[in-house]
Amino acid sequence: MEATLSRSFGSIHPVPLGYHSHLFNSSFKVSNYCGLNAGRISWAAVGFANCGFKRVNIPSFGCSGGSFGRRCSHVVNCQSSSNVTNSPSVKRVVLVIGGGGREHALCYALKRSPSCETVFCAPGNAGISESGDATCVEDLDIFNSASVTAFCRKMGVDLVVIGPEAPLVAGLSNSLASAGILAFGPSSEAASLESSKEFMKVLCDKYGIPTAKYKTFTDPSAAKAYIKEQGAPIVVKADGLAAGKGVIVAMTVEEACDAIDSMLVKKVFGSAGCRVIVEEYLEGEEASFFALVDGENAIALESAQDHKRVGDGDTGPNTGGMGAYSPAPVVTKELESVIMESIIFPTVKGMANEGCKFVGVLFAGLMIEKKSGLPKLIEYNVRFGDPECQVLMARLESDLIEIMFATCRGELHDISLSWSPGSAMVVVMASNGYPGNYTKGTVIKYLREAENIAPDVKIFHASTALDSNKNFIATGGRVLGVTAKGANLEEARNIAYEAVERIDWPEGFYRRDIGWRALERRQVKL
């Protein structure tokens, strides 16, 4: 079986998408902020002058003080959070790759780290820039490893945190490692856990990891025959990355066969859908489980649960996630131990045995089966979830930079994590029409007022820009993640929705029942 695994997947590891064929282009647009010590400012300015980076000084647009920080011609100064102690003497410069809500949350947590000096984010977005949580590098091509490496060397970057899956699958971690630059995120080989569902399934078979029974097909007729034999409901998945749209939970045989035609005949997902997985339908409650992995050791993060369906009551089509909360009552401490022993540890060991050690954060999508109460692995992601990352970073009290350094250096056995008590919730605000067609460029007002509703409110920007009048406008489907903490989930929910209702955005919408499963569970216990 080991030889079979190697043979089957020796050719599926993604080839970097032109990574090494790009010519180096060292022109980057950087939005800068004040507060960094004079020594680093001088050094950074020399770096920009020597390699042609463009410096753009963005005015404050009325944002001053508090969590937003003051704007001028310097870079962001990372302040230690009051609830984190034992500040290290070594200060780190960090580059976050990506520009969505997850990356905003990571920048926010990294900036609060006592060991942080500077956070850059490429490409970032207007909300990240305006909040003062990072210095955004708008023109850095994150799919050009030579440019990323050059930027890291010029700016003295100590750690690169890769947020989205695409640069991981394309091999950015590999390239940075070859250049001697520390990167938080797996190699392209280890990223196959996400980029190929068949790879994950075969690994599960080999190492006894519980998952839904399945078969793999490239022939549409054979796939349809299997579906008719198994009956519905049944699940059809594109093998590769399909921007979150490659999973069809078919409630009828006809719907499942249509999905097969869509992927294998019409090629709607291109090469990502040239192979499909047909697997059994699991009934139960879904949960998101995150673990830090240093290649050999793993430690669990706090639990979280998201809401994938677009509509209240978990209705309508799947999305990237309409909200999340932490902790998730469904994941008890007893269940966490079962997940680590039956799923996470065997995966870490299996990947090491296969010659592609996993280093980074492992995100397991789980189904807690209704009939047994035990977890089964639905899928793996090789990065933080979005919007789960937002609630996790809101609750994290440990130094995220030191945690990531320990992960990259194989030192997780020395790490323990500290979390704020109570709960956190994020409510996603999306453009009308999402996940279908939607209009871009609509104006969003009163974001600062919403964030000032309570001290523990933070708005993470997923896809915003500034128009000519300096108003925030929506540029994508999921646009904002309104996040709040509370003594319990009900309080966090009330604060989050109070902030949401303060925002003036007629062209946006949100679910009004985030956390309903957990709140219902709490009522039953009472």
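Here, every reference points to the structure presented above.
Please read these numbers as outputs of a predicted model, since none were measured by experiment.

J.: Account for the overall build of the chain, naming residues and giving values.
T.: Helix and strand content of the chain: 17 helices and 26 strands. In the chain, buried positions account for 57% of the 526 residues. Counting only contacts in the chain whose residues sit at least 6 apart along the sequence, the fraction spanning at least 24 positions is 73%. Within the structure as shown, the chain displays about 20600 Å² of accessible surface, and the carbon and sulfur contribution to it stands at 50%.

J.: Now, about the pattern of salt bridges: what can you tell me, with residues and values included?
T.: The final tally for this structure, using the stated rule, is 23 salt bridges. The partner of Asp513 in a salt bridge is Arg511, and the shortest N-O contact between them spans 2.9 Å. For Arg511, a relative accessible area of 1% gives the class buried. Several salt bridges share partner residues, and in doing so they unite Glu302, Lys333, Glu336 and Arg395 into one network.

J.: Before we move on, can you summarise the pairing of strand β18 (residues 359-369) with the specific residues and values?
T.: The buried fraction of β18 amounts to 11 of the 11 residues, a majority that puts the element mostly inside the structure. Pairing of strand β12 (residues 284-294) with β18, which is carried by 11 bridges, proceeds in the antiparallel orientation. Directly across from Gly284, in β18, lies its bridge partner Glu369. Where β18 lies against strand β19 (residues 375-381), 6 bridges are found, and the strand directions are antiparallel. Considered in β19, the bridge of Met367 is made with Lys376. As consecutive antiparallel partners, β18 and β19 are separated by 5 residues, and within that stretch Gly373 has a phi angle of approximately 75°, a positive value.

J.: How would you summarise the packing of helix α3 (residues 101-112) against helix α14 (residues 400-408) if you had to cite specific residues and measurements?
T.: Between α3 and α14, the shortest axis-to-axis distance is 7 Å and the interhelical angle comes to 105°. By the angle between their axes, α3 is roughly perpendicular relative to α14. The segment α3 lies against α14, with Leu106, Ala109 and Leu110 engaging Leu400, Ile401 and Met404. Residue composition of the contact of α3 with α14, grouped by class: 6 nonpolar, no polar and no charged.

J.: So what's going on with the pairing of strand β3 (residues 92-98)? Residues and values would help.
T.: The element β3 is extensively covered by neighbouring structure, given that 7 of its 7 residues are classed as buried. The pairing of β3 with strand β4 (residues 116-123) spans 7 bridges and is classified as parallel. If you follow Gly98 over to β4, its bridge partner there is Pro123. Each parallel crossover has a hand, and for β3 linked through α3 to β4 it is right-handed. Where β3 and strand β6 (residues 159-162) come together, 4 bridges link them in parallel fashion. Considered in β6, the bridge of Ile97 is made with Ile162.

The rules behind each value
- Residues numbered from 1 in each chain as written.
- Predicted model: local features only at pLDDT ≥ 70, side-chain atom pairs only at ≥ 80, totals over all residues.
- Heavy atoms only, no water.
- Helix = DSSP H or I, 4+ residues; strand = E, 2+ residues; numbered from the N terminus.
- Buried < 20%, exposed > 50% of the residue type's maximum accessible area, 1.4 Å probe, protein only.
- Contact = heavy atoms within 4.5 Å.
- Areas by Shrake-Rupley, 256 points an atom, 1.4 Å probe, with all protein chains shown as cover.
- Salt bridge = Lys/Arg side-chain N within 4 Å of Asp/Glu carboxyl O.
- Pairing = 2+ DSSP bridges.
- Axes fitted to C-alpha atoms, helices over the stretch in contact; angles between N-to-C directions.
- Parallel < 35°, antiparallel > 145°, perpendicular 65-115°, else oblique.
- Nonpolar A, V, L, I, M, F, W, Y, C, P; charged D, E, K, R; others polar.
- Right-handed = clockwise from strand over helix to strand, strands pointing away.

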